[in-house]
Amino acid sequence: MNCGRTRQVIEMDPGEHTVDELAEEIASIDDVETLESILDAERGGDDRKTAKEAIERRIEAVGEDEPTEDGTASADDVDGGEGSEGDANETDDDAGDADETDDDAGDADGGETSDGDTGEADEDDEDDGLSHPTRDKKHVRALQGGDYEDMWVFCETQAGELTDVSKEMLGKARELMDAYAEEYGDEEDVVAVVIGEDCAELAEETIAYGADVAVFHDDPRLSRFVHKPYTEIAAHMARGQGSLESTEWRAYDEPRYALFPATNNGRDLSALVQAELDSGLASDCSDLFIEDVEISNPVKTGEPGVKKVFERVLHMKRPDFSGFEYSTILCLDNPDRDFHPQGASVIPGTFEVPEPDPDREGLVVEHEMELEDWFGVEVLEHDQLDEGVDLTGHEVVVCLGRGIGDDPTLGMELGLELTDAFEDAAFGITRGIVTSSYQFDGHVEAYSKEERQIGETGQEVAPELYIAAGVSGAVQHKVGIDDSGTIVAINTDPDARIRDFSDYFIEGDLFEVLPALTEAVESGELPVEALADGGIDR
């Protein structure tokens with residue numbers, strides 16, 4: 001018996017829609033039986049977890065709430081929810097809005113606990129649909145309406161010392177949070193995180209470089225980076241977990257911002273920690289600033305056509321994948337989902353290493369946590385690799401690019417000869433040479449390795465004089481030389497991009513120009529001072 005209720009007859013194949021499209025389609029359906037039939041069709045078809053969750057949410061909403069006059073649901077009902085198990089929600093960002101990152105991957109249980117607190121899914125959760133179900137699957141739910149403060153800097157150590165990039169990040173964090181206090185009237189801290197063996201003194205050292213609080217975890221087993229325990233400890237710290245003595249200094253849920261080094265270990269740690277904390281990450285950043293931003297993307301505002309101002313947003317700039325432009329990445333909350341900490345990894349050499357202030361005072365806290373059996377591998381013996389080539393700290397740097405292609409060996413020899421003509425110079429190459437198939441003869445092959453690469457994924461240099469021969473000027477290379485005093489470029493192409501950010505541009509063949517420069521420098525007719533002061537024609 002129908003009991004006077006009219007069932008909506010809708011033929012729909014959910015497999016023809018993305019998850020977001022499906023959520024929009026079912027938003028106007030207020031009949032539970034119809035929705036259940038769509039759910040059955042999804043289970044018998046693509047069986048997407050996020051699609052099923054969207055339908056189930058709509059069924060729940062219809063069962064609890066009366067439909068509005070036009071039969072549509074509220075914005076919360078049609079949002080489509082967070083992605084999970086690797087399904088990425090597809091949204092069309094409004095033109096002109098800055099890029100946003102809201103990495104929902106891993107939101108396996110569909111969202112927050114009822115009271116907004118963090119929690120863990122039971123290990124006995126239902127089968128995940130795989131022939132071999134994931135064992136001991138745990139998930140920490142994202143927060144909603146939590147309290148967030150401070151900028152955390154995850155410091156990296158090497159051979160018992162803070163790395164330069166750690167000091168750079170501390171200095172930049174200090175600068176950002178000082179400006180933050182001036183702009184917003186709230187004083188929040190720079191919090192340094194140090195994990196390792198015998199690292200208490202290093203934690204104290206971070207105070208001198210700009211930290212207000214240093215939290216460290218000391219354990220002999222952590223002398224070398226091991227991603228599982230490092231990740232668990234870092235996430236444990238960020239959530240404010242641990243003994244009263246190690247957590248009473250703070251009164252918030254998670255950090256507002258987090259910085260990591262964009263090194264091999266730092267990239268590993270940053271991705272894992274941010275995933276554990278259910279937030280996003282902008283990797284390999286070359287600039288950071290904090291300001292408000294107005295967004296009209298309905299995924300973020302919760303309602304189409306409405307603009308919303310997000311306050312205190314960390315703007316994370318990095319070269320985009322085209323290699324020619326910069327993108328600004330933002331990590332913004334959804335209407336029913338918070339993304340904190342807003343995280344970035346920083347390219348080494350991007351910022352200045354600050355002068356330490358031994359008189360600065362701060363709080364040093366030892367973190368306490370029982371470490372589980374996360375040390376499945378023990379390193380019994382190791383060899384120390386060569387430190388490689390350090391191109392920084394030289395008065396002059398000579399760099400070659402793909403312009404040597406007509407005669408790679410001769411081109412390299414000419415570049416090395418010019419380098420040797422200066423008293424204090426280093427020789428570098430672009431990624432184009434590293435990844436090329438050039439065949440080099442004799443000793444010059446040793447100079448074609450990645451250790452001499454200059455740019456975003458190589459070394460960043462800031463010499464008094466930078467000479468680029470046969471270098472096109474991709475933005476990744478520009479990142480590596482931005483702080484150079486004077487840039488002299490040699491290229492046969494008058495429209496080469498490097499011309500836009502060179503102080504002097506020589507239109508010519510490097511095979512002819514380099515020998516002339518070498519001869520002039522060796523004869524003393526063109527010393528480095530003359531080049532740096534403009535003693536060369538464009």
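Some details on the overall build of the chain
Link 1 in the chain: For the chain, the count of helices and strands is 15 helices and 18 strands.
Link 2 in the chain: Put simply, the chain has 538 residues, and 49% of those count as buried.
Link 3 in the chain: Accessible surface computed for the chain: about 27,000 Å², of which carbon and sulfur atoms make up 41%.

Section: the packing of aromatic side chains
Link 1 in the chain: By the definition in use, this model includes nine aromatic pairs.
Link 2 in the chain: Arranged with centres 5.1 Å apart and planes meeting at 50 degrees, the rings of Tyr 180 and Tyr 184 form a pair that is tilted. Note that Tyr 180 and Tyr 184 are positioned in helix α5 (residues 164-184) at a spacing of four residues, about one turn of the helix. The two residues Tyr 180 and Tyr 184 agree in class, both being buried.
Link 3 in the chain: With centroids separated by 6.0 Å and ring planes inclined at 80 degrees, the aromatic side chains of Phe 427 and Tyr 447 adopt a geometry described as edge-to-face. Here Tyr 447 lies in the loop between α12 (431-434) and β16 (465-469) and Phe 427 lies in strand β15 (residues 425-429), a separation of 20 residues in the sequence.
Link 4 in the chain: Judged by relative accessible area, Tyr 447 falls into the partly exposed class, the value being 26%.
Link 5 in the chain: Here the aromatic residues Trp 152, Phe 154, Trp 249, Tyr 252 and Phe 260 are joined through ring pairs into a cluster of three or more.

Concerning the pairing of strand β12 (residues 342-346)
Link 1 in the chain: Here β12 lies mainly inside the structure; five of its five residues are buried.
Link 2 in the chain: Across the two faces of β12 the burial is the same, with Gln 342, Ala 344 and Val 346 and Gly 343 and Ser 345 all buried.
Link 3 in the chain: Across five bridges, strand β7 (residues 254-261) lies against β12 in parallel orientation. Pairing of Leu 259 across the sheet is with Ala 344, part of β12.
Link 4 in the chain: Two elements, strand β8 (residues 281-285) and β12, share three bridges in a ladder whose sense is parallel. Bridging from a neighbouring strand, Ala 282 pairs with Ala 344 of β12.

Overview of helix α1 (residues 19-26)
Link 1 in the chain: Residues of α1 that are buried include every one of Val 19, Asp 20, Leu 22, Ala 23 and Ile 26, and no others. The arc that holds the buried residues of α1, viewed along the axis, is 160 degrees, so those residues lie on one side.

Considerations on helix α9 (residues 264-276)
Link 1 in the chain: Between its terminal C-alpha atoms α9 stretches 19 Å, which fits the 18 Å expected from 13 residues at 1.5 Å a residue.
Link 2 in the chain: Among the residues of α9, Gly 266, Leu 269, Ser 270, Val 273 and Gln 274 are the ones counted as buried. One side of α9 carries all its buried residues, which in axial view fall inside an arc of 115 degrees.
Link 3 in the chain: Those residues of α9 hidden inside the fold are in contact with α7 (227-238), β7, β8 and β12.
Link 4 in the chain: Remark: Asp 278 follows α9 within two positions and exhibits a positive phi of approximately 55 degrees.

As for a negative patch on the surface
Link 1 in the chain: A contiguous patch of negative charge, built from Glu 182, Glu 183, Glu 291, Asp 292 and Glu 311, is present on the exposed surface.
Link 2 in the chain: When residues of the negative patch are traced back to their parent elements, those giving at least two are α5 and β9 (287-295).
Link 3 in the chain: Mapping Glu 291 onto the fold places it in strand β9.
Link 4 in the chain: Under the relative-accessibility criterion, Glu 291 is labelled partly exposed at 39%.

What about the pattern of salt bridges?
Link 1 in the chain: Applying the stated criterion across every chain yields a total of 16 salt bridges.
Link 2 in the chain: Arg 43 is paired through a salt bridge with Asp 40; the nearest N and O atoms lie 3.7 Å apart. With Arg 43 and Asp 40 both in helix α2 (residues 32-44), this residue pair falls three residues apart, about one helical turn.
Link 3 in the chain: Exposure remark for Arg 43: the relative accessible area of 44% places this residue in the partly exposed category.
Link 4 in the chain: A salt bridge links Lys 52 to Asp 47; the shortest N-O distance between them is 2.9 Å.
Link 5 in the chain: Owing to a relative accessible area of 36%, Asp 47 belongs among the partly exposed residues under this scheme.
Link 6 in the chain: Salt bridges here are not isolated pairs; linked through shared partners, they connect Arg 174, Asp 178, Asp 212 and Arg 360.

A word on the environment of Phe 511
Link 1 in the chain: The topology assignment puts Phe 511 in helix α14 (residues 510-523).
Link 2 in the chain: The exposure class assigned to Phe 511 is buried, which follows from its relative accessible area of 18%.
Link 3 in the chain: Separated by 108 residues in sequence, Phe 511 and Gly 403 place their C-alpha atoms 9.2 Å apart.
Link 4 in the chain: When residues no more than four places from it in sequence are discounted, the contact partners of Phe 511 are Gly 403, Ile 404, Asp 406, Asp 407, Leu 410, Gly 411 and Leu 414.

Regarding unusual backbone geometry
Among all residues save glycine, negative phi is the norm, and among peptide bonds the norm is trans.
Link 1 in the chain: A cis amide bond links His 340 to the next residue, Pro 341, at an omega of 0 degrees.
Link 2 in the chain: Counting through the fold element by element, Pro 341 comes out in the loop between β11 (326-330) and β12.
Link 3 in the chain: With a phi angle near 55 degrees, Ala 159 is a residue other than glycine that sits in the positive phi range.
Link 4 in the chain: Here Ala 159 lies in the loop between β3 (157-158) and β4 (161-162).
Link 5 in the chain: In this structure Ala 159 comes out as exposed when scored by relative accessible area, which is 80%.
Link 6 in the chain: Backbone geometry at Asp 198 places phi at a positive 50 degrees, although glycine is not the residue there.
Link 7 in the chain: With respect to the helices and strands, Asp 198 occurs in the loop between β5 (190-196) and α6 (200-208).

The rules behind the values
- Residues numbered from 1 in each chain as written.
- Predicted model: local features only at pLDDT ≥ 70, side-chain atom pairs only at ≥ 80, totals over all residues.
- Heavy atoms only, no water.
- Helix = DSSP H or I, 4+ residues; strand = E, 2+ residues; numbered from the N terminus.
- Buried < 20%, exposed > 50% of the residue type's maximum accessible area, 1.4 Å probe, protein only.
- Areas by Shrake-Rupley, 256 points an atom, 1.4 Å probe, with all protein chains shown as cover.
- Phe/Tyr/Trp six-rings, centres within 6.5 Å; stacked < 30°, edge-to-face > 60°.
- Pairing = 2+ DSSP bridges.
- Arc of directions from axis to C-beta.
- Expected span 1.5 Å × (residues − 1).
- Contact = heavy atoms within 4.5 Å.
- Patch = residues over 30% accessible without salt bridge, like charges linked within 9 Å, V, L, I, M, F, W, Y side chains within 5 Å.
- Salt bridge = Lys/Arg side-chain N within 4 Å of Asp/Glu carboxyl O.
- Lys, Arg positive; Asp, Glu negative; His and termini not counted.
- Charge placed at Lys NZ, Arg CZ, Asp CG, Glu CD.

Honestly, that's just the spatial picture; any functional story needs more than this.
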